[in-house]
Amino acid sequence: MATILYLNGTQVYPDGQQSIKLTKENPYFTQSDSYTLDVTLSMGIKENRNFFRNINRIERSKNVERMKCRLVVDNRLLLDGSAKITQISEQEVKVQLLGGNSEINFLSDDEKNYIDNLDLGVITFERNSSQAGDVTYSISKNIRYRQSDIYDETAEARKTCWQFGLVDITKEIFRVFGFEIAECAIDRKPWNEIYVVSAKSTNDVAHVLPHWSLRTFADELCKFFNVSVVIDQEHKTVRIKDNPTFFSSRESIEIVPIDEYSVELNEENDAHALAADNLRFDMSGSEHHDYDMIPDSVRENAVTDTFASRAAAYAAWSAASDDDKKGRIYACPEGKFTGWLHDYSDIGGEEEKLMFTQIDVFAPLVRNPDSDNETELKICPVAFGEIEYGFSRSSSHGITYTYSWKEHIPSMENPTGNDIATRRSVETQGIPNANSAYEATIQEYIEGEASIEKKDKEDRLQVMFMDDVKQPCYFHEGIRNVDEELSVDAGFTDYQYKKAHKSGTQHNLWSLSLNKCEATYYLGQLHENGFTFNLDAKYCIKFLSKEMPDPTKVFIIRNKRYGCEKIEAQIDSQGMQQLMTGYFYEML
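Residue numbers here run from 1 along each chain, matching the order of that chain's written sequence. Under the rules for a predicted model, residues below a pLDDT of 70 receive no local features and side-chain atom pairs below 80 are neither given nor counted, while totals for whole chains, interfaces and linings still include all residues. Values reported for side chains reflect all heavy atoms of the structure, with hydrogen atoms and water molecules removed beforehand.

### Quick notes on the overall build of the chain
- Secondary structure is summarised from DSSP: a helix means a run of H or I of at least four residues, a strand means a run of E of at least two, and numbering begins at the N terminus for each. Regarding its fold elements, the chain presents nine helices and 37 strands.
- Buried, partly exposed and exposed residues are distinguished by accessible area as a fraction of the type maximum, computed with a 1.4 Å probe on protein chains only: under 20%, between the cut-offs, and over 50%, respectively. In the chain, which comprises 588 residues, the proportion classed as buried is 53%.
- The contact definition used throughout considers only heavy atoms, calling two residues in contact when any of these lie within 4.5 Å. Taking as baseline every contact in the chain between residues at least 6 positions apart, the subset at least 24 positions apart corresponds to 70%.
- Note on areas: Shrake-Rupley with a 1.4 Å probe; residue coverage comes only from the protein chains shown. Of the roughly 27,300 Å² of accessible surface on the chain, 43% is carried by carbon and sulfur atoms.

What follows is the structure in structure tokens.
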């Protein structure tokens, strides 16, 4: 028999009269992979009845569990993944086979696996002495972590919370689902220095994540970094590949149409169009975003003068009146600038000083001003605010010392409150209570100080860079000298946003800007696509092949290059039919 199907390691027998339709999709276009339509398994076959334990009989419970599957055709493994039952009758059971990205989609959507419920690691601590700060931390999984001050907008309080590396979290999530990372285009500086920002006082990695399925997380990751997730079903490995170079190293396959081709023309094609769409961050509503992403109405209608360079823009701004400095946008290839009043009182200077300031750092990436096609990125830069902080402490001599300073720190809402099991405090500098775990009270649930409703989580994942360059904050009252500088670890979303007007050591030249800027590395560089396709015209072409081609390769059709969205083949008891159907987009 040329076609063999295994479920949970046991051979079952498809209906010999049925032709199984196998589809292989290209994750570059669809974020999907291999799957079949329904495969019919007759209950008239003893081996099938034994495997399903007579599930076709009405008195049998229909509690169906996920099954592992392997589809072998002509001694070749075509699909290795999961199977789910779609229909049961007295005569037959129908199953759908899913592999690669399609299996991931099934595991996350059908089985309701959410990333904030996974075991991604927990930070533990060991006290080295009786001193509160003398503590050694460790984590149970291979995920980088840093402590950072953060402003909790819900609690209206500054905290010290754990932040975790986004790339490391990505790797661990796929490991939980049984896939090792064989290639990761984003596991390099500065992209592996991006941290998930959280105002939750938790030591559990998963609890800082939104309530997303794996499918949603993978989709948002692909949109943010402009990558594709390619899964090797047989070896259970994942390759996260740069889209701009996705096809550059791929082999070419030449196919010959055997029939008249057809072309579906549609200006609103639903194919994966990240390479062609305009892009926009789904920014939070924090007031501390202020000038990092200005409203569309301001961007489109404000008086804007354009210059060839930043130096020319600055020269024109310097020569302008104060009204024009504050009332116009000075644009150049390096960004947009205007006059902005900054508070310098925390370093002993003027309370307000008009500075030439970059604005709209995280503006949308507009590839086509006339297009309404826009992709929204739910992984987005966190807001930063200059937060004043102070506290009083009494000494053993009865003297009260007061500290007060400002820090430039991330600012975000925390609608679900802290973890029930672990609550941190500023007084212990982020060290858990060593004596007992914290348990929230019913009163705190009712009053909103704690929450157990995951559905209330914010539907975005806010991020920032963290490097090893410490930044200053300034005491302006207390036992320390006024304006004395204190260096602290600090995250950032752009190396000069809210930094260029203050003294201090400059961060690494990194930015989450989608548009060209003066940073050495900025997110928009990842979206400079080396390949584009005419997504308005989908070619449907029939061709002959002894093997099912890899849809991620480049296809040569009548001396033109095409990218393949998907290939469909028919399989019967004698093996795979050579007549196949492919859907293609012309490479421009």
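### Some points on unusual backbone geometry
- In the segment running from Lys 189 into Pro 190, the intervening peptide bond is cis, with an omega of 0°.
- Residue position: Pro 190 is located in the loop between strand S13 (180-184) and strand S14 (194-196).
- Residues other than glycine seldom take positive phi values, yet Glu 156 does so here, at roughly 55°.
- Looking at the secondary structure, you find Glu 156 in the loop between strand S11 (145-152) and strand S12 (157-165).
- Glu 156 sits in the exposed class, given a relative accessible area of 63%.
- At Asn 226, a position not held by glycine, the phi torsion is positive, near 55°.
- By secondary structure assignment, the location of Asn 226 is in the loop between helix H5 (214-225) and strand S15 (227-232).

### A look at the sheet that holds strand S20 (residues 304-306)
- Pairing between two strands is assigned when DSSP locates at least 2 bridges connecting them. Read across the sheet, four strands follow the order S20-S21-S22-S23 without closing on themselves; strand pairing throughout is mixed. Only two strands of the sheet have a single neighbouring strand rather than two, namely S20 and strand S23 (353-359). Adjacent strand axes in the sheet meet at a mean angle of 30° when their direction is disregarded.
- With three bridges joining them, strand S21 (residues 329-332) and strand S22 (residues 335-342) adopt antiparallel strand pairing. Note that in S22 the partner of Ala 331 across the bridge is Lys 336.
- Helix-sheet contacts for helix H7 (residues 310-319) involve S21, S22 and S23, and the interaxial angle to S23 is about 150°. Axis definition: a line fitted to C-alpha atoms, over the contacting stretch in the case of helices. Angles run 0 to 180 degrees between N-to-C directions.

### Description of the packing of aromatic side chains
- Stacked, tilted and edge-to-face are the three classes applied to pairs of Phe, Tyr and Trp rings, where Trp contributes its six-membered ring and a pair requires centres within 6.5 Å; stacked means planes under 30 degrees apart, edge-to-face means over 60, and tilted covers the rest. One pass over the structure, following the stated rule, counts 27 aromatic pairs.
- Between Phe 224 and Phe 281, the ring centres sit 6.5 Å apart and the planes meet at 45°, which makes this aromatic pair tilted. Pair noted here: Phe 224 is in helix H5 and Phe 281 is in strand S19 (residues 278-281), with a separation of 57 residues, a long-range link. Side by side, Phe 224 and Phe 281 carry an identical accessibility label, which is buried.
- The rule for a charge over a ring is simple: NZ of Lys or CZ of Arg within 6 Å of the ring centre, and within 35 degrees of the ring normal. Positioned over the ring face of Trp 317 is Lys 325, at 4.6 Å from the centre of the ring.

### Observations regarding the layout of surface pockets
- Buriedness for pockets is judged along seven lines, at least five of which must meet protein on both sides within 12 Å for an open set on the 1 Å grid over protein atoms alone, while cavities are sets there where a 1.4 Å probe fits but cannot get out, and lining residues have an atom within 4 Å of a point. Grid points are joined across faces, edges and corners, and a volume is the space filled by probe spheres set on the points. Quantified by volume, the second largest pocket comes out at close to 660 Å³.
- Around the second largest pocket, the lining is made up of 25 residues, and of these Lys 24, Ile 231, Asp 232, Gln 233 and Asp 550 lie nearest the centre.
- Among the secondary structure elements, those contributing two or more residues to the lining of the second largest pocket are strand S3 (20-25), strand S7 (76-88), S15 and strand S16 (237-242).
- Looking at the lining of the second largest pocket, the element that brings in the most residues is S7, giving four residues.
- Looking at the lining of the second largest pocket residue by residue, the class counts come to ten nonpolar, five polar and ten charged. Charged means Asp, Glu, Lys or Arg here, nonpolar means Ala, Val, Leu, Ile, Met, Phe, Trp, Tyr, Cys or Pro, and polar covers whatever is left, Gly included.

### So, the confidence of the model for the chain
- Residue-level confidence of the predictor is summarised by pLDDT, bounded by 0 at the bottom and 100 at the top. For the chain, the mean per-residue pLDDT works out to 83, and 81% of the residues sit at or above 70.
- Overall, residues 420-439 carries pLDDT values under 50, and its contacts beyond four positions in sequence, including any with other chains, amount to 43 contacts.

### Some points on empty space enclosed by the protein
- All told, the structure shown has five cavities of 30 Å³ or more when counted by the stated rule.
- Partitioned by chemical class, the residues of the lining of the largest cavity number nine nonpolar, five polar and five charged.

### Overview of the side chain of Gln 462
- Relative to the elements of secondary structure, Gln 462 occurs in strand S28 (residues 461-466).
- Here a polar contact is taken to be a pair of N or O atoms separated by no more than 3.5 Å, where protein atoms must pair a possible hydrogen donor with a possible acceptor and residues adjacent in sequence count only if both atoms sit in side chains. At 2.9 Å, the side chain of Gln 462 forms a polar contact with the side chain of Glu 458.
- Setting aside its immediate chain neighbours within four residues, Gln 462 contacts Tyr 195, Val 196, Val 197, Ser 284, Cys 380, Pro 381, Val 382, Ala 383 and Met 412.

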